[in-house]
Amino acid sequence: MSDPDISVVICVYTEDRWEDILAAVSSVRAQSCPALETLLVVDHNPALLERLTKEYKEATDVRVLANAGPRGLSAGRNTGIAASYGEVIAFLDDDAVAERDWLRRFAEGYADPKVMAVGGRTVPVWASGRRPDWFPEEFDWVVGCTYRGLPPGRVRVRNVLGGNASFRRTAFDAAGGFATGIGRDGDRRPLGCEETELCIRLTRARPDAVLLIDDRAVIHHRVPEAREHFGYFRTRAYAEGLSKALVARSVGAGKGLESERRYTTRVLPAGVARGLRDALLARPGGAGRAGAIVAGVLTAAGGYVVGSVRARRGGATFAVAGIEGGPPGEPAPADGGAR
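Sequence positions are assigned chain by chain, starting from 1 and proceeding in written order. Given that the model is predicted, a residue must reach a pLDDT of at least 70 before its local features are reported, and side-chain atom pairs must reach 80 or more before they are shown or counted; all residues, however, enter totals for whole chains, interfaces and linings. The side-chain quantities take in all heavy atoms of the structure and omit both hydrogens and water.

### Examining the confidence of the model for the chain
Regions with low pLDDT carry predicted coordinates that are not meant to be interpreted in detail.
In step 1: You can read pLDDT as the predictor saying how much it trusts each residue, on a scale of 0 to 100. Overall, the prediction assigns the chain a mean pLDDT of 88, with 86% of residues at 70 or greater.
In step 2: Whether two residues touch is decided by their heavy atoms; if any such pair falls within 4.5 Å, the residues are in contact. Considering only residues more than four positions removed or in separate chains, one finds that residues 325-339, a stretch of pLDDT under 50, has 38 contacts.

Shown next, in the form of structure tokens:
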């Protein structure tokens, strides 16, 4: 069976990441399994759109286009899906670079026709040159990276992580696109979970669907200095709680919090124990890591409670977009948005 054609979508929104964007595109162009195309989707930034159009005007393998939907990452991804030609669509963050075999590992996963999505491993690249002593690996999702507690190897999962992921085109035919109103909107409050909601919706539409993570599909994600501080850690954890509440309201707490239960009852207590042990052994950051895990759990729980109250009162809505020319979804209440 031949490898599937893969389109790569990189959503961009600010000229502040100009060098990062160029590095991301270069890493795709250097793949051992070449991409069919790279699509740069610009999120409502005319200056950046013009600049990138000029930068790649001679390129036959890179297309630059404007986000055709509302502002935000989900609508940008949906624009890229609709404009792409590949059998598989891969997503790469605009401040990340992929290792040479990134797409090859994705392609290998699709040898099984039941596989509808393949994700990879995202490694943090700290602006300061090293992980802050207090920052627990169990919370690397705070900075968009693979966190401690995920199983190694190529394994079946509930959901892939959006900044390093791929989907068969038929997955979007079955389930629709990314839901707007859940994920990020530029530099505003760092919400997330749009890929979680999509993956749960996909497995409901296709109960036989298999979703994988292959930790050999590696990207390196830049973590700016501002995100190395506890203030961002706390803000991101709170936003995750808000997002999880919306997802749970949509797809049900059973499926929406399935992975989180294992994470909070097994992975995080073990992390606290390691931190306290390191503190007793006078190792740097041990007490800080244990404290950060406890603070992160409590902050995320607070966000979840607030988000749940808002959703029950009808204050949270999202829309599921159609792909391949389908009409965009109308805004739906948070308890009925997934289909």
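### Remarks on the pattern of salt bridges
In step 1: Any carboxyl oxygen of Asp or Glu that lies within 4 Å of a side-chain nitrogen of Lys or Arg is treated as forming a salt bridge with it. A complete count under the given rule lists 24 salt bridges for this structure.
In step 2: The residue Arg17 makes a salt bridge to Asp94 at a minimum N-O spacing of 2.6 Å. In this pair, Arg17 is assigned in the loop between β1 (6-12) and α1 (18-29) and Asp94 in the loop between β4 (88-92) and β5 (96-98), connecting sequence segments 77 residues apart. The pair Arg17 / Asp94 is uniform in exposure class, with both members buried.
In step 3: In this structure, Arg283 engages Asp278 in a salt bridge whose closest nitrogen and oxygen atoms are separated by 2.9 Å.
In step 4: Given a relative accessible area of 10%, Asp278 falls into the buried group.
In step 5: Each member of the salt-bridge network shares a partner with another, and the members are Arg105, Glu108, Arg154, Asp214 and Arg216. Helix numbering and strand numbering both begin at the N terminus, where a helix is a DSSP run of H or I of at least 4 residues and a strand a DSSP run of E of at least 2. Any residue under 20% of the maximum accessible area for its type is buried, any over 50% is exposed, and the rest in between are partly exposed; the area is computed with a 1.4 Å probe on protein chains only.

### Points about the packing of aromatic side chains
In step 1: Two rings from Phe, Tyr or Trp (for Trp, the six-membered ring) form a pair when their centres sit within 6.5 Å of each other. Planes less than 30 degrees apart are called stacked, planes more than 60 degrees apart edge-to-face, and all others tilted. Here the structure, examined in full by the defined rule, presents 16 aromatic pairs.
In step 2: Here the aromatic residues Trp126, Trp134, Phe135, Phe139, Trp141, Tyr147, Phe230, Phe233 and Tyr263 are joined through ring pairs into a cluster of three or more.
In step 3: Criterion for a charge above a ring: Lys NZ or Arg CZ within 6 Å of the ring centre, and within 35 degrees of the ring normal. The residue whose ring lies beneath Arg77 is Phe91, and the NZ or CZ to ring-centre distance is 5.7 Å.
In step 4: Above the ring of Phe178, the side-chain terminus of Arg77 is found at 5.1 Å from the ring centroid.

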